[in-house]
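Coordinate inspection notes
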Amino acid sequence: MPAAMKFVPRWSEERGNADHDWLKTFHTFSFAMYQDHKHESFGPLRVINEDRVAPRTGFGTHSHREFEIFSYVVSGELEHKDSMGNVEVLRRGDIQLTSAGTGISHSEKAHGSKQVHFLQIWSIPSTSRLPPKYYTRHFPDSEKTNQWARVVAPVGAPGVTVEREGAGPAPVQSPLTMYATILEQGKSLERSFEGKKAYVHVIQTSGYNEGKASGASVKIGSRGTEELTLREGDGAYIFVGNQGNVLKVENDGDRSAEIVVFDLE
């Protein structure tokens, strides 16, 4: 019998979260003081932190190795400095990806007088002991509105270049492709997958909320499955099932929804 696509919800209020005054953060997977063996990783995807950093504060210089680390800026400005000599201020629509490889040190801080809201995402590289690399890409809202923008994709995939800056998706050393969309009220999109797993997350754009998710609302489903309603901060594990199964995402709420989807090996 054909295997249908399967969804396992990851409700926003069940994520790990912490309010450190200067940092308000949610953890989809085990991270720092939040540890849950049921949510350690998913395929190569290891971290999805939804961070809000207060003005003129941030993560001081610290080190990483053997992770692909990328930041998706939702609002505000994020100042990045690293041991490779990169100094940059990232704004809405920017993707910054650091392939830590054999080791880097960096700092990430809110730049200017406003809070910065961004997704901090880590994945596990397919090859160890690679030289560290740094990349940035920009995807304006116009490239994401009611369509999928492919913002991160594996090195060697079609359309992926390895320049520090450039067009197309940022190159990642993991079997992971990340898509983003801003889906307007009443609109819907479909997404097929190359991998056997996927993960969907609705970004909490309307504000920090530790309780039950609210704000934008989307329905996800596939042929032969029950629909699942997600709101801001909610996510879902997706088991793709048969090749050819297609995810449908529909905005059934009263405002636009910003959504990211990870296609995973």
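Being a predicted model, the structure only gives us computed values, none of them experimental.

With that settled, the discussion passes to the sheet that holds strand β8 (residues 87-90). Sheets are built from strands paired through backbone hydrogen bonds, the pairs being either parallel or antiparallel. Strand order across the open sheet formed by four strands is β5-β10-β7-β8, with antiparallel pairing between neighbours. At either margin of the open sheet sits one strand with a lone partner, and together these are β5 (58-64) and β8. Taking each pair of neighbouring strands and ignoring which way they run, the sheet shows an average axis angle of 20°.

All told, the structure shown has 10 aromatic pairs when counted by the stated rule. Aromatic side chains Y199 and Y237 sit 5.2 Å apart centroid to centroid with 75° between the ring planes, which places their arrangement in the edge-to-face category. With Y199 in strand β17 (residues 197-202) and Y237 in strand β20 (residues 235-239), the pair connects residues that are 38 residues apart, well separated along the chain. The pair Y199 / Y237 is uniform in exposure class, with both members buried. Aromatic ring contacts, followed pair by pair, group F29, F42, Y199, Y237 and F239 into a single cluster. The ring of F239 has K6 sitting right over it, with the charged end atom 6.0 Å from the ring centre.

What follows deals with the environment of M178. Positionally, M178 belongs in strand β15 (residues 176-183). Assessed through its relative accessible area of 0%, M178 is described here as buried. Sequence spacing of M178 and D263 is 85 residues, and the spatial spacing of their C-alpha atoms is 6.4 Å.

Here the focus is the pairing of β20. Counting buried residues in β20 gives four out of five residues, a clear majority hidden from the surface. Where β17 lies against β20, five bridges are found, and the strand directions are antiparallel. Among the inter-strand pairings, K197 is bridged to a residue of β20, identified as F239.

This next bit is on the UniProt feature "binding site: Fe cation" (unreviewed entry) in the protein. Cross-referencing UniProt, the feature "binding site: Fe cation" (unreviewed entry) maps to H62, H64, H106 and E108 in the present numbering. Across 47 residues in sequence, these annotated residues keep their C-alpha atoms within 12.9 Å of one another, forming a single compact spot. Along the chain, H64 turns up in strand β5. In this structure H64 touches I69, A100, G103, I104, H106 and W122, once residues within four positions along its chain are discounted. Among the polar contacts made by the side chain of H64, one reaches the side chain of H62 at a distance of 3.1 Å. A residue is classified by how much of its surface remains accessible, and H106, at 4% relative accessible area, is buried. In this structure, H106 is in contact with G60, T61, H62, H64, H80, K81 and D82, ignoring residues within four places of it in sequence.

The rules we used
Residues numbered from 1 in each chain as written. Predicted model: local features only at pLDDT ≥ 70, side-chain atom pairs only at ≥ 80, totals over all residues. Heavy atoms only, no water. Pairing = 2+ DSSP bridges. Helix = DSSP H or I, 4+ residues; strand = E, 2+ residues; numbered from the N terminus. Axes fitted to C-alpha atoms, helices over the stretch in contact; angles between N-to-C directions. Phe/Tyr/Trp six-rings, centres within 6.5 Å; stacked < 30°, edge-to-face > 60°. Buried < 20%, exposed > 50% of the residue type's maximum accessible area, 1.4 Å probe, protein only. Lys NZ or Arg CZ within 6 Å of the ring centre and 35° of its normal. UniProt positions renumbered as here; feature names shortened; annotations may be inferred. Contact = heavy atoms within 4.5 Å. Polar contact = N/O pair within 3.5 Å; in protein donor to acceptor, adjacent residues only side chain to side chain.

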